[in-house]
Amino acid sequence: MLTILEDKIATPLGPLWILCDEQYHLRAVEWEEHSNRMEALLNIHYRPGGYRRVACANPGGLSAKLQDYFDGDLQVIETLPTATAGTPFQREVWKALRAIPCGQILSYGQLAIQLGRAGAARAVGAANGSNPVSIVVPCHRVIGSRGTLTGYAGGVTRKEWLLRHEGYLLL
């Protein structure tokens, strides 16, 4: 059975759950108001009864590092280890998301082309939407083809804040 250590931090965008394994690899990062979505993804990836959640303050320093990100150390998220389940295609998309530099964006179509799957923008969007480790696997850096801020499970307002925080959108 997988043991998942969990903590919750306060952020400018609301409380944020941080879940990792005992090796301190992030398994999920999710806004508190979307806890049901996070639990559904955990059940999909690890089966109900295949994991147990244990409260842990600042596991592996991950909570402090995510707080550092919100405090302005934008590069810290690039150093955080993840261990996600998901299909091979989802993991391929999530790996590509981590390669988008802070302060930059791609459209779903551009990301599909970059993955060698031109025409698969919707599939890329679906994989993006199934990302269990938001912020660290920066799905907020993917936008619509016309520059629209669409498709962020945490809400477009949070997506806009994150892009401003990272310097892509100006005040």
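The coordinates are above.
Quantities reported herein were computed from a predicted structural model and do not represent experimental measurements. (Residues numbered from 1 in each chain as written. Predicted model: local features only at pLDDT ≥ 70, side-chain atom pairs only at ≥ 80, totals over all residues. Heavy atoms only, no water.)

Q: Could you give me a rundown of the nonpolar core, with the residues and numbers involved?
A: In terms of nonpolar packing, the biggest core is built from 39 residues, with L26, L66, L97, L111 and I135 touching the most fellow members. Every element with two or more residues in this core is listed here: β1 (2-9), β2 (16-20), β3 (26-31), α2 (62-70), α3 (88-98), α4 (108-114) and α5 (121-129). Looking at which domains feed residues into this core, each of domain 1 (2-79) and domain 2 (88-166) supplies at least three. Excluding its chain neighbours within four sequence positions, the residues that come into contact with I135 are L16, W31, L66, Y69, F70, I77, H140, Y152 and L162. (Core = buried A, V, L, I, M, F, W, Y, C linked by side-chain atoms within 4.5 Å. Buried < 20%, exposed > 50% of the residue type's maximum accessible area, 1.4 Å probe, protein only. Helix = DSSP H or I, 4+ residues; strand = E, 2+ residues; numbered from the N terminus. Domains from an automatic or database assignment. Contact = heavy atoms within 4.5 Å.)

Q: Give a detailed account of the sheet that holds β2, specifying residues and quantitative values.
A: Read from one edge of the open sheet, four strands run β3-β2-β1-β4, paired in mixed fashion. The two strands at the open ends of the sheet, each matched to only one other strand, are β3 and β4 (51-55). Here the average twist between neighbouring strands, direction ignored, is 25°. Pairing between β1 and β4: five bridges, direction parallel. Of the residues in β4, the one forming a bridge with E6 is A55. Running at roughly 140° to β4, helix α1 (residues 35-46) makes contact with β1, β2, β3 and β4 of the sheet. (Pairing = 2+ DSSP bridges. Axes fitted to C-alpha atoms, helices over the stretch in contact; angles between N-to-C directions.)

Q: Pulling in residues and values, what's your account of the pattern of salt bridges?
A: Any two side chains of opposite charge can pair if their charged atoms end up close together. Applying the stated criterion across every chain, the model contains nine salt bridges. A salt bridge links R27 to D21; the shortest N-O distance between them is 3.0 Å. For the pair shown, R27 and D21 are each scored as buried. A salt bridge links E166 to R141; the nearest nitrogen and oxygen atoms lie 2.8 Å apart. A residue pair is termed long-range when its members are at least 10 positions apart, and E166 in the segment after α6 (156-165) and R141 in the loop between α5 and β6 (142-143) qualify at 25 residues. On the basis of relative accessible area, E166 is assigned to the buried category, the value being 7%. Among the residues examined, R141 registers a relative accessible area of 2% and is labelled buried. What you see here is one network of salt bridges that share partners, running through E6, E39 and R53. (Salt bridge = Lys/Arg side-chain N within 4 Å of Asp/Glu carboxyl O.)

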